[in-house]
Amino acid sequence: MFTMAKSLRNLCTVSVALSLSAVCATAALAADKTVLVTSIVEHPALDAIRDGAKDELKAEGYEPGKGFKWEFQSAQGNAGTAGQIAKKFVGDNPDVIIAIATPSAQPMVAATKTIPIVYSGIADPIAAQLVKDWGPSGTNVTGLSHMLDPVKQVEIIKKVVPNAKRVGIVYNPGEANSVSALNNIKGVLEKQGMTLVEASAPRSVDVASAAKSLVGKIDVMYTTTDNNVVATFESLAKVCNEAKIPLIASDTGSVKRGAIAALGVNFYDLGRQTGKVVARILKGEKPGDIPSSTSKNLELYVNPAAAQKQGVTLSPAFIKSATKVID
């Protein structure tokens, strides 16, 4: 009887020890970990990336306030502020830095060669000189791109405005992603006998005036994921509505803000993918061993009301093909 009681006590002790070990292992997953996040500006697409990353990390066991610190700072569209945030974040020495959009990622990558950096919301990380190619970087940098196929973008333009010859674009010449996207679609348009007509907007306050300068010169307006344009998209849509210029976007979030259509990535989903990469690093993987990647999850958003305002009649087949129709 004594031996049996002793065995039961030993069994209970082992069971409790194993249970405590499991609890400690779970707690250790998110203990004393810090992720600092920055974005060049707050607008629906970039905010969706930030929120998606935060939600994914929570699902992975990293919940703010429970042994895990998450801090976000916006540069409010100012490149100088982005540089200051980079210096502050490096001084704080977090476990991982998430840098959303090129103007925030570039100064961050320049500021540290040791702290893991995961970029996101970057159309062309190679042109932005964040990584040399799509393979493992061997550095402290990896991330997610939303690079789009320019051929498919031109296909959408032609489905909305079949006879378009002159395509207008407002962009920030100081943003590497915008310049890269412009050059990519320009080459495709030229091969199809179409012309790209450019107007620069170095600041978000320049977007409306740049758009007005294209009135009478273009058949359709196309926008990339240029941060200045997306941040103040309503001002661009207003110009297009008044001038009856069809407006096509590459950011699906811009469709409910006045674009007729957009074929683009789901930025929240891109954020979830970003969060998965961050979690891998928090668990011990090196960023330089994780290849940069792109999102293949493209969605077509269509806004028939915007089409009507801009003088376009969409085919029923095109509307039916949409992932989402904005009422």
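Residues numbered from 1 in each chain as written. Predicted model: local features only at pLDDT ≥ 70, side-chain atom pairs only at ≥ 80, totals over all residues. Heavy atoms only, no water.

Draft legend 1. A look at the overall build of the chain. Looking only at helices and strands, the chain features 12 helices and 13 strands. Reported as C-alpha extents along the three principal axes, the dimensions of the chain are approximately 95 × 45 × 30 Å. Expressed as a percentage of the 327 residues in the chain, the buried residues total 50%. Intrachain contacts of the chain at a sequence separation of at least 6 include 70% that bridge at least 24 residues. Carbon and sulfur atoms form 54% of the exposed surface of the chain, whose accessible area is close to 14800 Å². The distance from the centre of the 35 positive side-chain charges to the centre of the 29 negative ones in the chain is 2 Å. (Helix = DSSP H or I, 4+ residues; strand = E, 2+ residues; numbered from the N terminus. Buried < 20%, exposed > 50% of the residue type's maximum accessible area, 1.4 Å probe, protein only. Contact = heavy atoms within 4.5 Å. Areas by Shrake-Rupley, 256 points an atom, 1.4 Å probe, with all protein chains shown as cover. Lys, Arg positive; Asp, Glu negative; His and termini not counted. Charge placed at Lys NZ, Arg CZ, Asp CG, Glu CD.)

Draft legend 2. Inspection of the sheet that holds strand β12 (residues 298-302) at higher detail. Reading across from one edge, β7-β6-β8-β9-β10-β12-β13 is the order of the 7 strands in this open sheet, with mixed pairing throughout. The sheet terminates laterally at β7 (195-200) and β13 (324-325), the two strands that pair on one side only. Direction of pairing for strand β6 (residues 166-171) relative to β7: parallel, over a ladder of 6 bridges. The partner of R166 across the bridge, within β7, is T195. Along the sheet, helix α5 (residues 150-160) contacts β6, β8 (220-223), β9 (247-249), β10 (261-265) and β12; its crossing angle with β10, the most-contacted strand, is approximately 160°. Its contacts with the sheet place helix α6 (residues 176-191) against β6, β7 and β8, and it is angled at close to 160° to β7. (Pairing = 2+ DSSP bridges. Axes fitted to C-alpha atoms, helices over the stretch in contact; angles between N-to-C directions.)

Draft legend 3. Geometry of the sheet that holds strand β1 (residues 33-39). Taken in spatial order, the 6 strands of this open sheet run β2-β1-β3-β4-β5-β11, and their pairing is parallel. A single partner strand is all that each edge strand has here, and the edge strands are β2 (68-74) and β11 (293-294). Running over the sheet, helix α4 (residues 102-111) touches β1, β3 (96-100), β4 (117-122) and β5 (141-145) and is turned about 155° from β4.

Draft legend 4. Geometry of the nonpolar core. Among the nonpolar cores identified, the biggest contains 48 residues, and V35, L57, W70, I98, V278 and L282 are the most heavily contacted of them. With 7 residues, helix α10 (residues 267-282) is the largest single contributor of residues to this core. Excluding anything up to four places from it in sequence, L282 contacts K33, V35, L57, Y62, F68, D95 and V96. Formed by 29 residues, the second largest nonpolar core is a distinct cluster that contains M194, L196, Y222 and L300. (Core = buried A, V, L, I, M, F, W, Y, C linked by side-chain atoms within 4.5 Å.)

Draft legend 5. Main features of the pairing of β10. Most of β10 is tucked away: 5 of the 5 residues are buried. With 5 bridges joining them, β10 and β12 adopt antiparallel strand pairing. Directly across from L263, in β12, lies its bridge partner L300.

Draft legend 6. Just unusual backbone geometry, in detail. One non-glycine residue with positive phi stands out, namely N93, at about 50°. Relative to the helices and strands, N93 resides in the loop between α3 (79-92) and β3.

Draft legend 7. Representation of the confidence of the model for the chain in the model. Confidence along the chain averages 91 in pLDDT terms, with 91% of residues attaining 70 or more. pLDDT under 50 marks residues 1-9. Its contacts with residues more than four places away, or in other chains, come to 1 contact. The model gives residues 11-30 a pLDDT under 50, and that stretch makes 9 contacts with residues more than four places away or in other chains. (pLDDT = per-residue confidence, 0-100.)

Draft legend 8. Representation of the packing of aromatic side chains in the model. For the coordinates displayed, the defined rule picks out 1 aromatic pair. Directly above the aromatic system of F72 lies the positively charged group of R50, at a separation of 4.7 Å from the ring centroid. (Phe/Tyr/Trp six-rings, centres within 6.5 Å; stacked < 30°, edge-to-face > 60°. Lys NZ or Arg CZ within 6 Å of the ring centre and 35° of its normal.)

Draft legend 9. How the structure looks around the packing of α5 against α6. It is the contact of α5 with α6, at a shortest axis distance of 9 Å, that shows an interaxial angle of 60°. Classified by the angle their axes make, α5 and α6 are oblique. The crossing of α5 and α6 is right-handed. Taking contact as the criterion, the partners of P150, V151, Q153, V154 and I157 in α5 are, on α6, N184, I185, V188 and L189. (Parallel < 35°, antiparallel > 145°, perpendicular 65-115°, else oblique. Left-handed = near helix turned anticlockwise from the far one by under 90°.)

Draft legend 10. Representation of the pattern of salt bridges. Under the counting rule described, the total for this entry stands at 17 salt bridges. In this structure, E63 engages K58 in a salt bridge whose closest nitrogen and oxygen atoms are separated by 4.0 Å. Judged by its relative accessible area of 26%, E63 is partly exposed. Given the relative accessible area of 48%, K58 is considered partly exposed. The salt bridge involving R166 is made with D219; its shortest N-O contact spans 3.1 Å. With R166 in strand β6 and D219 in the loop between α7 (207-212) and β8, the pair connects residues that are 53 residues apart, well separated along the chain. (Salt bridge = Lys/Arg side-chain N within 4 Å of Asp/Glu carboxyl O.)

Draft legend 11. Representation of α3. In this model α3 runs 20 Å from its N-terminal to its C-terminal C-alpha over 14 residues, within 8% of the 20 Å that 1.5 Å per residue would give. When we look at burial in α3, the residues that qualify are A82, G83, I85, A86 and F89. All buried residues of α3 lie within an arc of 160° about the axis, which places them on one face of the element. Exposed residues lying more than 90 degrees from the buried face of α3 are Q84, K87 and G91. The N-cap residue of α3 is N78: its side-chain oxygen and the backbone nitrogen of G80 are 2.8 Å apart. The positive-phi residue at the C-terminal boundary of α3 is N93, with phi of around 50°. (Expected span 1.5 Å × (residues − 1). Arc of directions from axis to C-beta. Polar contact = N/O pair within 3.5 Å; in protein donor to acceptor, adjacent residues only side chain to side chain.)

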